[in-house]
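# Commentary on secondary and tertiary structure
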Amino acid sequence: MSSPLQDALLQPAAPPPVSWWPPAPGWITLAVVLTLLLLAIPVLWLTLRRRQRRRMRAQRIIWEIPDQLSDQAWLAALNTQLKRQLKSRGKDEATRLYGANWVDYLCQHYPNPRKDILQPLGGGLYQPGVDMSSTDRLALQRELLRWIRYNHV
């Protein structure tokens, strides 16, 4: 049903075809985000790998202390290794601590510390005739490994 007046009307011109360039702002944002992500993933991966290597090295140092050492020498070796690791991380103030202050420092830097297990590092090192059982040594090693994991040493 068209009327003669409708047929006399001029049809509007067709719009030009939609160009693919420049893309919409959403596509530009997506391209920027993906580019940044592709650049950030290798950096993040290298950082995590370096941190894990450092942690594994610190854990290996604790496990490599010979078990046949006397208790006092074994505690001294643990203290030396921990303080060496902290010094390499730039925490020089911790290397000057000893006794109860050293144990308090260790306990302050991770949640739910077991101060009774860490106590030999503070007092047992300086007392002659320290007697630790193999379970005490293992518990101390495990507690120190937990401390290392938490502090990313």
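In short, a report on the structure. What you are looking at is a predicted structure, and each value in this text was computed from that prediction instead of being measured. (Residues numbered from 1 in each chain as written. Predicted model: local features only at pLDDT ≥ 70, side-chain atom pairs only at ≥ 80, totals over all residues. Heavy atoms only, no water.)

### Overview of the side chain of Asp71
When you line up the elements, Asp71 lands in helix α3 (residues 71-88). Take Asp71: its relative accessible area is 11%, and that puts it in the buried class. Reaching out from Asp71, the side chain makes a polar contact with the backbone nitrogen of Met132 at a distance of 2.7 Å. (Helix = DSSP H or I, 4+ residues; strand = E, 2+ residues; numbered from the N terminus. Buried < 20%, exposed > 50% of the residue type's maximum accessible area, 1.4 Å probe, protein only. Polar contact = N/O pair within 3.5 Å; in protein donor to acceptor, adjacent residues only side chain to side chain.)

### Description of the side chain of Arg137
Residue position: Arg137 is located in helix α7 (residues 134-151). Filtering out sequence-adjacent residues up to four positions away, Arg137 remains in contact with Pro66, Asp67, Leu69, Ser70, Asp71, Trp74 and Met132. (Contact = heavy atoms within 4.5 Å.)

### Remarks on helix α6 (residues 115-122)
Within the sequence span of α6, burial applies to Ile117, Leu118, Pro120, Leu121 and Gly122. Against the buried residues of α6 lie α3, α5 (99-108) and α7.

### Structural notes on the nonpolar core
Among the nonpolar cores identified, the biggest contains 25 residues, and Leu78, Trp102, Leu118, Leu121, Leu140, Leu144 and Trp147 are the most heavily contacted of them. Apart from residues lying up to four places away in sequence, Leu144 is in contact with Ile62, Leu78, Leu82, Leu118 and Leu121. (Core = buried A, V, L, I, M, F, W, Y, C linked by side-chain atoms within 4.5 Å.)

On their own, these measurements won't tell you what the molecule is for.
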